[in-house]
Amino acid sequence: MHFVDPSREVLAETLLAAGPDAPTLCEGWKTRHLAAHLYLREHSPRVALGLLMTSRARTSDLVTEKLAATLSSPAPYSRLVEDFRAGPPALSPLRLAPLDEAANLAEFFVHTEDVRRATDRWAPRSLDGAYADALWDEVVRRAAFLYRGVDLGVVLVSTLGPRHVAKRAPVSVAIVGDPGELLLHAFGRRAQALVTFEGQPDAIALLDSADIGH
């Protein structure tokens, strides 16, 4: 099943409901910055290149900031979110379902929660089983890269049953949670991810201070 299109809808609705100046979990960004980022990564080759190449990241950030500055009032913000909702340009490779899934499934889930969980009152969403399975596949695919800065073994344990060894080491920590929560933790949203840990206290403390998701 293809989950990116409904995920895009949920993300767009979440951004519209929040408005242009709501907080997000992305450091230094309000919702208008996040909306600008989401739009530009699909419509601006300069921004897309900056996301892939560290040497171009500064240019990408400047373009995002410039667009976000034009979105402080509701009307232009809403128009841009609607443009994002419409999807990538007609000739974009992201029109191909496999590439769209690889690029956007985790991105859209995490950024939806970046808006939802930046407020004082939120609750985890109840996810369709097939969608949860797809998020589990995503965290398994990405885990070795996202936890590469952790000087420990990392074992991901889904509450739905599967386990995945993301990194091997003499001392390991198991991270336990629903697939979406594990994905959020792996992407560095550790304070908001509803996960638990199994392991030695000093190892858990080391994991808590490690660079994750970058």
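Shown above is the structure to which this text applies.
Structural notes on the overall build of the protein chain
Helix and strand counts for the protein chain stand at 9 helices and 4 strands. In sequence order, the protein chain lays out its α and β elements as α-α-α-α-α-α-α-β-β-β-α-β-α. Scaling as 2.2 N^0.38, a compact globule of 214 residues should have a C-alpha radius of gyration of about 17 Å, and the protein chain matches this with 18 Å. Based on the C-alpha atoms only, the size of the protein chain along its principal axes is roughly 50 × 35 × 35 Å. Counting the 214 residues in the protein chain, one finds 47% classified as buried. Restricting to contacts in the protein chain with at least 6 residues of sequence separation, those with at least 24 account for 60%. Accessible surface, the protein chain: about 10,900 Å² in total, of which carbon and sulfur atoms supply 56%. On the protein chain, the mean spot of the 23 positive side-chain charges and the mean spot of the 27 negative ones are 5 Å from each other.

With respect to the pairing of strand S2 (residues 163–167)
In this structure, strand S1 (residues 153–158) lies alongside S2, joined through 4 bridges in antiparallel fashion. By the bridge assignment for S2, Val154 is matched with Lys167. Between S1 and S2, which follow one another and run antiparallel, lie 4 residues, and Gly161 among them has a positive phi close to 130 degrees.

Structural notes on the packing of helix H1 (residues 4–18) against helix H6 (residues 97–116)
Here H1 crosses H6 at 25 degrees, and the two axes come no closer than 9 Å. As judged from the angle between their axes, H1 and H6 are roughly parallel. H1 and H6 meet at a crossing whose hand is left-handed. Between H1 and H6, the contacting residues are Val4, Asp5, Ser7, Arg8, Val10, Leu11, Thr14, Leu15 and Ala18 on the first element and Asp100, Glu101, Asn104, Leu105, Phe108, His111, Thr112, Val115 and Arg116 on the second. Considered class by class, the residues forming the contact of H1 with H6 number 8 nonpolar, 5 polar and 5 charged.

Here we look at the side chain of His185
As for its position among the elements, His185 is in helix H8 (residues 179–186). Its relative accessible area of 2% is what places His185 among the buried residues. What His185 contacts, discounting residues up to four positions off in sequence, is Tyr147, Ile175, Arg190, Ala193, Val195, Phe197, Leu207 and Ile212.

Observations concerning the sheet that holds strand S4 (residues 196–198)
In sheet architecture, strand pairing relies on hydrogen bonds along the backbone and comes in two forms, parallel and antiparallel. Taken in spatial order, the 4 strands line up as S2-S1-S3-S4 in an open sheet, and their pairing is mixed. The strands lining the two open edges of the sheet, one partner per strand, are S2 and S4. For this sheet, the mean angle separating the axes of adjacent strands, direction not counted, is 25 degrees. One ladder, built from 3 bridges, connects strand S3 (residues 172–177) with S4; its direction is antiparallel. Directly across from Val176, in S4, lies its bridge partner Thr196. Here helix H9 (residues 201–209) sits on the sheet and contacts S3 and S4; the angle it forms with S3, its principal contact strand, is near 70 degrees.

Rules used in this analysis
- Residues numbered from 1 in each chain as written.
- Predicted model: local features only at pLDDT ≥ 70, side-chain atom pairs only at ≥ 80, totals over all residues.
- Heavy atoms only, no water.
- Helix = DSSP H or I, 4+ residues; strand = E, 2+ residues; numbered from the N terminus.
- Rg over C-alpha atoms; globule rule 2.2 N^0.38 Å.
- Buried < 20%, exposed > 50% of the residue type's maximum accessible area, 1.4 Å probe, protein only.
- Contact = heavy atoms within 4.5 Å.
- Areas by Shrake-Rupley, 256 points an atom, 1.4 Å probe, with all protein chains shown as cover.
- Lys, Arg positive; Asp, Glu negative; His and termini not counted.
- Charge placed at Lys NZ, Arg CZ, Asp CG, Glu CD.
- Pairing = 2+ DSSP bridges.
- Axes fitted to C-alpha atoms, helices over the stretch in contact; angles between N-to-C directions.
- Parallel < 35°, antiparallel > 145°, perpendicular 65-115°, else oblique.
- Left-handed = near helix turned anticlockwise from the far one by under 90°.
- Nonpolar A, V, L, I, M, F, W, Y, C, P; charged D, E, K, R; others polar.

Any functional reading would require information beyond the geometric quantities listed.
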